[in-house]
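Now for the letters of each chain:
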Amino acid sequence: MYYLPETLVLTSADSGSSECPIVYRAQNEGGAVLSGGSQLNLSWSAWRDGIFQAQTPPGLQIDQLFIDGQNQRMARYPNYDASKKAEPYQGFAADAFSKQRAANWADPAGGYIHAMHRAGWGGYHYLITGKDADGDVTYEGGWQNNRKMGMHKDHRMVENIFEELDAPGEWFHNAKTSTLYYKPNPGTDLSKVKVEVVRLRHLIEFQGAEKAPVRFITLQGFAVRHAARTFMDCKEQLLRSDWAIYRGGAFMLTGTEDVSILDCEFDQVGGNAVFVNNYNRRVLVKGCHIHDTGASGVCFVGDPDAVRDPLFEYGQKNDLATIDRTPGPKTNNYPAQSAVEDCLIHGIGRVERQPAGVQIEMASEITVRDCSVYDTARAGVNIGDGAWGGHLIERCDVFDTVLETHDHGSFNSWGRDRYWRSDHLTASQKAVDADPNLPFLDAMKTTVIRDSRWRCDHGWDIDLDDGSSNYDIYNNLMLNKGLKLREGFRRHAWNNVMPIGTLHPHVWFQRSRDQVHSNIMAERYHTARMNEPYTEGTLVDRNLFDSQDRGILEHSAKLGWDENSVLAEPMYVDPAKGDFRVKEGSPALKLGFKNFSMDQFGVKKPALKAIAKTPEIPSLEASATPGTRRSGPPVGASPLKMVWLGATLKDLKGEEFSAFGVSKEAGGMALVDVPSASAAEKAGLQVGDLIQGIGRAPVSNVEQLFRVVARNNSDSVKLKVVRNQKPMEISAVPESTVVIETADRPDRFRELPVPAALGQQVVANRNTNNDPLSTLTDGKLARGFGPVFSNRVFNGAYKLDLGSVKPVTAVTSWSFNQGGTRAAQKLTIYGSDAEQDPGWDMSKFTPLGTIHTGPNDSPFLAASLRAVNETTLGNFRWIVWRVSPVSDLGGGENTAFQELAVSGQ
């Protein structure tokens, strides 16, 4: 046991040579322990409530406390719960540092607040400085995340608070009185335990430079313990990624060549285990066991001054007409030609929530090979930018990741390089169309991901996020969601197996040169903000889908893809045991798929392989979407078109939150169509905008929006909008409004009374049940179904002929609460001024607006779309009520409409 009195520093004067390398080696692997801490000899006495106390040496500062080699927990609220593995901090509370909670704290100064990012993109940390005169907690910090959007309202935890010392394994050190308080686990004999505390941040530093490197040194076989936490100094912004970073680790390498770290165990270090900083060449980390780190496992991070036109905040933009167009770096001050091989890496991010098993940033030609990476708060392997590519990830096993954060993958990358702007679909697209080489000025060399197994249950298996370009992805087994490709250029993905997942294309560029072919998938593509064909310079075809869902190829056809793809059983060899090779005769082979080895994933070193975990293999049948493996989608399951301000809106679902850069909790409605001269266009709204609020009311989905609209009587509304992930406020003048009224009897409607019988004929596009269609215009409300569409009919529609083109001021519908669910109304109203019946093709009609009342308890409900300020909705002869199910019961129950009416001038 070597308690280092200070950091051991190796300089160029300590170098070896290629002929005579220098090796510092433990005589017995793992038998020599390097410690950045100290052992304390304490005399314990009982205090109260199962808590013991002991005097410590004067002036002692304690960052971490180890009892018999195990890191204990600072007194915290809420208490740690190991069963909450995938919850932030394994226990969180909205009132973690509330005024009411803090009222019980005599002096919280020196405590810490840990809080997740508002959108789940990592976390923040704060040092508590005390309480103000009103009793509110005061603190400083919050610089640990590059997307500074504030802390999550619920996901919060505090530690190092004396009054919160109440759980076994917790401790608190009062430095003023030199007293350590500790509540041991039951059965612990404190007179016999080994007590250690932490002092040093870095145990070993290599301090060299490009012109005077530290060369040919190997550290081999050591156990490394007791490195201090560094989360409050995690301040440096990285290139427009979500990350900030602290440049340091238990082993810190700056300016080295041919340095190796072999067969070492990094055991519960408080920050990064190994940090490869700026100029380094041919660093090798091999055969190491890295576990339970406060931050990342191995980091390769270069110098921002080596990057041409670097930017740091997400919203910053380069002028693409004036950027430096010289390919590659300005200097050599970055890691390159280095590797992490045959390592077991797990328990990553025990303190910080923006970590990775292996982090690569501003580096070139980094290899991650034969590694098992799992149990990570965020990514397994993260590449923060395209500068400068050439990385190789192969034969890895990465799973159980993104446990506490959001919107990420087991593999994650960004490519917010000099060509990329947050308004990428306009500015970047135009610039790359003019100069197709632009994305490859930084992403010079192709990064390869191959022969690996990935599983992420809280994100995507492989996630190529904003701008990621120049990737080859092949021979990968992705065990959960599959492959996400957000906007970028030249991503080639082939010969991958996604037994329960699929491709997730998000906001692609046109002419991207992306190719996705000869893969095996299970579901239709999960697109986000993809509303047109992507065929010029793009290939997505010759894929096999393990499904009989006809909608898969219909969906692909809208994007111009998969003309030669098939729906068929792939004929896996032994999927229950994780062997997803295909048998001879598989239709996948005819599409160009080639079998690859299914027993090559993860760490190979026998001692590490013996203790390494492997991912759970999913059950194909249990994971299948109901009906997709053996039958098609429900009858007419097309979504209802939602219209407000003349624009078409849609709720965000699944990974669309990622595409818009917002949290699932905040949600929002995306504008997918903004017609010319509509109220939305007049207000300055654009396709791709996201509405998150009306006035002071937050709106996270379409139902909430229309409830707020129905309560709004003002001539204009102020909208909270997110555009290119930037919040703004826009004023709009609605041309229509929605009025909703309920009643317990048909004669109790005051604002929306039932009109007299019209004598006009209503027709429907599908058969209806129960009452005849004529009852919809008989001037009567009944306690029954009315002429209702069957359950699971998703595009039912009623049409009324006014006899001639007339000005229409209001369109109203009345319904009955049959079964306690069917009074709710969810419909979009259309009009046409055609002389002849235009049929049921809604593209021939003008959408007038949507009504979405949400659930209702009253017996009767009326909802009316009305023009404002004594104007009209337009001049029409034909009015259509296009409806959608309002209940999940029975697969989708439709509204029990009783009466339909149209009012005019």
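Here the structure is a predicted model, which means the values were calculated and not measured.

1. Some words on the overall build of the chain
Check the secondary structure of the chain and you find nine helices and 72 strands. For 905 residues, the compact-globule formula gives about 29 Å, and the C-alpha radius of gyration of the chain, at 31 Å, lands near that figure. Its C-alpha atoms give the chain principal-axis dimensions of about 100 × 65 × 55 Å. If you sum the accessible surface of the chain, you get close to 34600 Å²; carbon and sulfur atoms cover 47% of it. Of the side-chain charges in the chain, 97 are positive and 110 negative, and the distance between the mean point of each set is 2 Å.

2. Brief notes about helix 3 (residues 551-558)
Burial in helix 3 covers these residues: Gly551, Ile552, His555 and Ser556. Taken around the axis of helix 3, the buried residues stretch over an arc of 140°, which confines them to a single face. Seen from the buried face of helix 3, the exposed residues on the opposite side, beyond 90 degrees, are Glu554 and Ala557. Looking at the packing, one finds that the buried side of helix 3 touches strand 52 (544-545) and strand 53 (566-567).

3. A closer look at the pairing of strand 63 (residues 736-743)
Most of strand 63 sits inside the fold, with six of its eight residues counted as buried. With eight bridges joining them, strand 63 and strand 70 (residues 860-867) adopt antiparallel strand pairing. Bridging across to strand 70, Glu741 finds its partner in Ala862.

4. A word on the nonpolar core
Residues Phe251, Phe266, Val274, Phe411 and Ile473 are the most contacted members of the largest nonpolar core, which totals 72 residues. In contact with Phe251, other than residues within four places in its own chain, are Leu34, Ile204, Leu219, Val224, Ile261, Phe266, Ala273, Val274 and Phe275.

5. With respect to the sheet that holds strand 18 (residues 195-198)
Taken in spatial order, the four strands make up an open sheet running 5-18-8-9, and their pairing is antiparallel. Among the strands making up the open sheet, the edge pair consists of strand 5 (37-40) and strand 9 (70-71). Pairing geometry for strand 8 (residues 65-67) and strand 18, over three bridges, is antiparallel. Within the sheet, the bridge partner assigned to Leu65 lies in strand 18 and is Val197.

6. Focus on the sheet that holds strand 15 (residues 151-159)
Where strands meet in a sheet, backbone hydrogen bonds hold them as pairs that are either parallel or antiparallel. Across the sheet, five strands lie side by side as 11-15-12-13-14; this open sheet has antiparallel pairing. Each edge of the open sheet carries a strand with a single partner, namely strand 11 (76-77) and strand 14 (137-141). Strand direction decides the pairing type here: strand 13 (residues 123-131) and strand 14, joined by five bridges, are antiparallel. Paired with Ile128 across the bridge in strand 14 is Tyr139.

7. Details of the pattern of salt bridges
Applying the stated criterion across every chain yields a total of 56 salt bridges. Note that Lys484 and Asp463 form a salt bridge whose closest N and O atoms lie 3.3 Å from each other. Remark: Asp463 occurs in strand 43 (residues 460-464) and Lys484 occurs in strand 46 (residues 482-485); sequence separation between them is 21 residues. On the accessibility criterion, Asp463 (0% relative accessible area) is buried. Several salt bridges share partner residues, and in doing so they unite Arg147, Asp242, Arg378, Arg416, Asp466, Arg486 and Glu487 into one network.

8. Regarding the environment of Glu656
With respect to the secondary-structure elements, Glu656 resides in helix 7 (residues 656-660). On the accessibility criterion, Glu656 (11% relative accessible area) is buried. Here the alpha-carbon distance between Glu656 and Val507, two residues 149 residues apart in the chain, equals 9.7 Å. In contact with Glu656, other than residues within four places in its own chain, are Thr527, Ala528, Lys650 and Asp651.

9. Quick notes on the side chain of Asn272
Checked against the element boundaries, Asn272 lands in the loop between strand 27 (265-267) and strand 28 (274-281). Separated by 3.3 Å, the side chain of Asn272 and the backbone oxygen of Tyr246 make a polar contact.

10. Quick look at the packing of aromatic side chains
Two aromatic rings, taken as a pair, are described by how far apart their centres are and by the angle between their planes. In this structure the tally under the stated criterion is 29 aromatic pairs. Centre to centre, the rings of Phe489 and Phe509 are 4.6 Å apart; their planes meet at 15°, and the pair counts as stacked. Taken together, the positions of Phe489 in the loop between strand 46 and strand 47 (491-494) and Phe509 in the loop between strand 48 (502-505) and strand 49 (515-517) put the pair 20 residues apart, joining distant regions of the chain. Of the residues examined, Phe489 reaches a relative accessible area of 1% and is grouped as buried. For Phe509, a relative accessible area of 0% puts it in the buried group.

11. Considering the environment of Lys605
Tracing the chain through its elements places Lys605 in the loop between helix 4 (587-590) and helix 5 (606-609). Taking C-alpha positions, Lys605 is 74 Å from Leu800, a pair spaced 195 residues apart along the chain. When sequence neighbours within four positions are dropped, the list of residues in contact with Lys605 reads Glu29, Asp263, Gly287 and Asp342. Separated by 2.9 Å, the side chain of Lys605 and the backbone oxygen of Gly287 make a polar contact.

12. Here we look at the state of the cysteines
Put plainly, two cysteines are in a disulfide when a covalent bond ties their sulfur atoms together. In total, this model carries zero disulfides according to the counting rule given. Cysteine Cys234 is unpaired, with the sulfur of Cys299 as its nearest cysteine sulfur at 9.6 Å. With a relative accessible area of 4%, Cys234 lands in the buried category.

13. A look at the confidence of the model for the chain
Within the chain, residue pLDDT values average 94, and 98% of them lie at 70 or more. In the predicted structure, residues 626-636 sits below a pLDDT of 50 and forms 29 contacts with residues beyond four places in sequence or in another chain.

14. Things to note about the environment of Ala670
If you trace the backbone, Ala670 turns up in strand 58 (residues 669-673). Distance in space between the C-alpha atoms of Ala670 and Val702 is 9.6 Å, their sequence separation being 32 residues. Not counting residues up to four positions away in its chain, the partners in contact with Ala670 are Thr648, Leu649, Lys650, Leu652, Phe660, Asp689 and Leu690.

15. Focus on the pairing of strand 33 (residues 344-348)
In terms of burial, strand 33 is a largely internal element, five of the five residues being buried. Summarising the sheet, strand 30 (residues 289-293) and strand 33 pair through four bridges and their orientation is parallel. Looking at strand 33, one finds that His291 is bridged to His346.

16. Thoughts on the side chain of Ser565
Mapped onto the elements, Ser565 comes out in the loop between helix 3 and strand 53. Residue Ser565 is classed as buried on the basis of its relative accessible area of 6%. A distance of 2.4 Å separates a polar atom in the side chain of Ser565 from a polar atom in the side chain of Asp562. In contact with Ser565, other than residues within four places in its own chain, are Asp541, Arg542, Asn543, Phe545 and Leu553.

17. Here's the deal with unusual backbone geometry
Cis geometry is adopted by the peptide bond preceding Pro78, which originates at Tyr77 and carries an omega value of -10°. Relative to the helices and strands, Pro78 is located in the loop between strand 11 and helix 1 (99-102). Each neighbour pair has its own omega, and for Ala387 with Trp388 the value is 5°, a cis peptide bond. Position of Trp388 among the secondary structure elements: in the loop between strand 37 (379-383) and strand 38 (392-394). Although it is not a glycine, Tyr89 sits at a positive phi angle of roughly 60°. By secondary structure assignment, the location of Tyr89 is in the loop between strand 11 and helix 1. Unlike most non-glycine residues, Asp400 shows phi in positive territory, near 55°. Looking at the secondary structure, you find Asp400 in the loop between strand 39 (397-399) and strand 40 (409-413). A residue is classified by how much of its surface remains accessible, and Asp400, at 26% relative accessible area, is partly exposed.

Criteria and thresholds
- Residues numbered from 1 in each chain as written.
- Predicted model: local features only at pLDDT ≥ 70, side-chain atom pairs only at ≥ 80, totals over all residues.
- Heavy atoms only, no water.
- Helix = DSSP H or I, 4+ residues; strand = E, 2+ residues; numbered from the N terminus.
- Rg over C-alpha atoms; globule rule 2.2 N^0.38 Å.
- Areas by Shrake-Rupley, 256 points an atom, 1.4 Å probe, with all protein chains shown as cover.
- Lys, Arg positive; Asp, Glu negative; His and termini not counted.
- Charge placed at Lys NZ, Arg CZ, Asp CG, Glu CD.
- Buried < 20%, exposed > 50% of the residue type's maximum accessible area, 1.4 Å probe, protein only.
- Arc of directions from axis to C-beta.
- Contact = heavy atoms within 4.5 Å.
- Pairing = 2+ DSSP bridges.
- Core = buried A, V, L, I, M, F, W, Y, C linked by side-chain atoms within 4.5 Å.
- Salt bridge = Lys/Arg side-chain N within 4 Å of Asp/Glu carboxyl O.
- Polar contact = N/O pair within 3.5 Å; in protein donor to acceptor, adjacent residues only side chain to side chain.
- Phe/Tyr/Trp six-rings, centres within 6.5 Å; stacked < 30°, edge-to-face > 60°.
- Disulfide = S-S within 2.5 Å.
- pLDDT = per-residue confidence, 0-100.

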